[in-house]
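Coordinate analysis (summary)
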Amino acid sequence: MLLGPPGAGKGTQATHLQRQWGIPHISTGAMLRDAVKRRTPLGLEVEAILASGGLVDDGLMTGIVRERLQETDCRNGFLLDGFPRTVPQAHALDRLIVGRSPLVILEVACPDEDIVRRLASRVVCSECGRNAPEEVEHPTCHDCGGPLVQRQDDKASVVRNRLQVYHEQTAPLIEYYEARPTFCRVNGNQLFDAVARDITGALARIRRGW
């Protein structure tokens, strides 16, 4: 699972790891945004929460993840991005993965002001949801050709609220997990390739300790 503040680069690194390992990237944020876009009952329920930068109810999020982990493509592993976001969700995840391989927790750390600056300039594909490269020079997605737009929750005022929510409700997960031998931390305030190398090295060290 990937842990860290919004905008730390978890989604970009997760996409890279998904391609490298051939396991599904389960982004709860992407699942919720897709539900909002399609105006599903779930989307209508969480639309206002996402727009303000708040967190969705623990029980609802746990139910969504439980159903997703039961799908056949998760049998050989999965990459969680955006869940758990609270300590109660972490307790629920521990119960959900009983009998599986150890949970590896990867914290991607990044200072708040760098997050605000980074997200202010971030654009994403309105069709597939992929983040565009930081130095994008064209208005369309390099994966599917969809138009690139700024996410509503990437505006500075919303980002600061999201960071406040993160520090209050999600950052306690660090204390919950950091004593585990499968916890590692990398500096997310680097270029993509440097972060990816640090992740590879950290995961290799964890595997040697299994």
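Below you will find a few notes about this structure. Here the structure is a predicted model, which is why all the values come from computation and not from measurement.

**Concerning the overall build of the chain**
- A tally of regular secondary structure across the chain gives nine helices and seven strands.
- Against the compact-globule benchmark of 17 Å for 210 residues, the chain has a radius of gyration of 17 Å, which places it among compact chains.
- Across its three principal axes, the chain shows a C-alpha extent of roughly 45 × 40 × 35 Å.
- Considering only contacts within the chain whose residues lie at least 6 apart along the sequence, 68% involve residues at least 24 apart.
- About 11,200 Å² of surface is accessible on the chain, with carbon and sulfur atoms providing 51% of the total.
- The distance from the centre of the 26 positive side-chain charges to the centre of the 26 negative ones in the chain is 4 Å.

**Observations regarding the pattern of salt bridges**
- One pass over the full model with this rule turns up nine salt bridges.
- Where salt bridges share partners, they join Arg 68, Glu 71 and Asp 73 into one cluster.

**Structural notes on the layout of surface pockets**
- For the second largest pocket, the calculated volume is near 590 Å³.
- Listing elements by their share of the lining of the second largest pocket, those giving two or more residues are helix H1 (10-21), strand E3 (79-81) and helix H9 (192-208).
- For the lining of the second largest pocket, the element with the most residues is H9, which contributes three residues.
- Residue composition of the lining of the second largest pocket, grouped by class: 17 nonpolar, three polar and three charged.

**What to know about unusual backbone geometry**
- Each neighbour pair has its own omega, and for Phe 83 with Pro 84 the value is 0 degrees, a cis peptide bond.
- Relative to the helices and strands, Pro 84 is located in the loop between E3 and helix H5 (87-96).
- In this structure, Arg 39 is a non-glycine residue whose phi angle is positive, near 60 degrees.
- Its location among the elements puts Arg 39 in the loop between helix H2 (28-37) and helix H3 (41-52).
- For Arg 39, a relative accessible area of 46% corresponds to the partly exposed category.

**What about the packing of H2 against helix H4 (residues 58-69)?**
- Direction vectors running N to C along H2 and H4 enclose 105 degrees, while the axes themselves pass 11 Å from each other. With respect to each other, H2 and H4 are oriented roughly perpendicular. When H2 is examined against H4, the residues Thr 28, Met 31 and Leu 32 are found in contact with a partner set consisting of Met 61, Ile 64, Val 65 and Arg 68.
- Residue composition of the contact of H2 with H4, by class: five nonpolar, one polar and one charged.

Rules of the game
Residue numbers run consecutively from 1 along every chain, following the written order of its sequence. Residues qualify for local features only when their pLDDT is at least 70, as the model is predicted, and side-chain atom pairs are given and counted only at 80 or more; totals for whole chains, interfaces and linings, by contrast, use all residues. Each side-chain value is derived from all of the structure's non-hydrogen atoms; neither hydrogens nor water enter the calculation. Numbering of helices and strands runs from the N terminus; a helix is a DSSP stretch of H or I covering at least four residues, while a strand is a stretch of E covering at least two. The atom set for the radius of gyration is the C-alpha atoms, and the globule formula is 2.2 Å times the number of residues raised to the power 0.38. Between two residues, a contact is recorded if the distance between any of their heavy atoms is within 4.5 Å. For the accessible areas, the method is Shrake-Rupley and the probe is 1.4 Å, while residue cover comes only from the protein chains on display. Residues counted as positive are Lys and Arg, residues counted as negative are Asp and Glu, and His and the chain ends are not counted. For charged residues, the charge sits on one atom: NZ in Lys, CZ in Arg, CG in Asp, CD in Glu. Any Lys or Arg side-chain nitrogen located within 4 Å of an Asp or Glu carboxyl oxygen qualifies as a salt bridge. Method remark: on a 1 Å grid restricted to protein atoms, a set of points is classed as a cavity if a 1.4 Å probe fits but cannot get out and as a pocket if it is open with protein on both sides within 12 Å along at least five of seven lines; lining residues have an atom within 4 Å of a point. Grid points are joined across faces, edges and corners, and a volume is the space filled by probe spheres set on the points. Side-chain classes follow a simple rule in which Ala, Val, Leu, Ile, Met, Phe, Trp, Tyr, Cys and Pro form the nonpolar group, Asp, Glu, Lys and Arg form the charged group, and the remainder, Gly included, forms the polar group. Categorising residues by exposure relies on relative accessible area from a 1.4 Å probe, with only protein chains included: less than 20% of the type maximum marks a residue as buried, more than 50% marks it as exposed, and the intermediate range marks it as partly exposed. Axis lines are fitted through C-alpha atoms, for helices just across the contact stretch, and the angle between N-to-C directions can take any value from 0 to 180 degrees. Orientation labels follow simple angle bins: below 35 degrees gives roughly parallel, above 145 gives roughly antiparallel, 65 to 115 gives roughly perpendicular, and whatever is left gives oblique.

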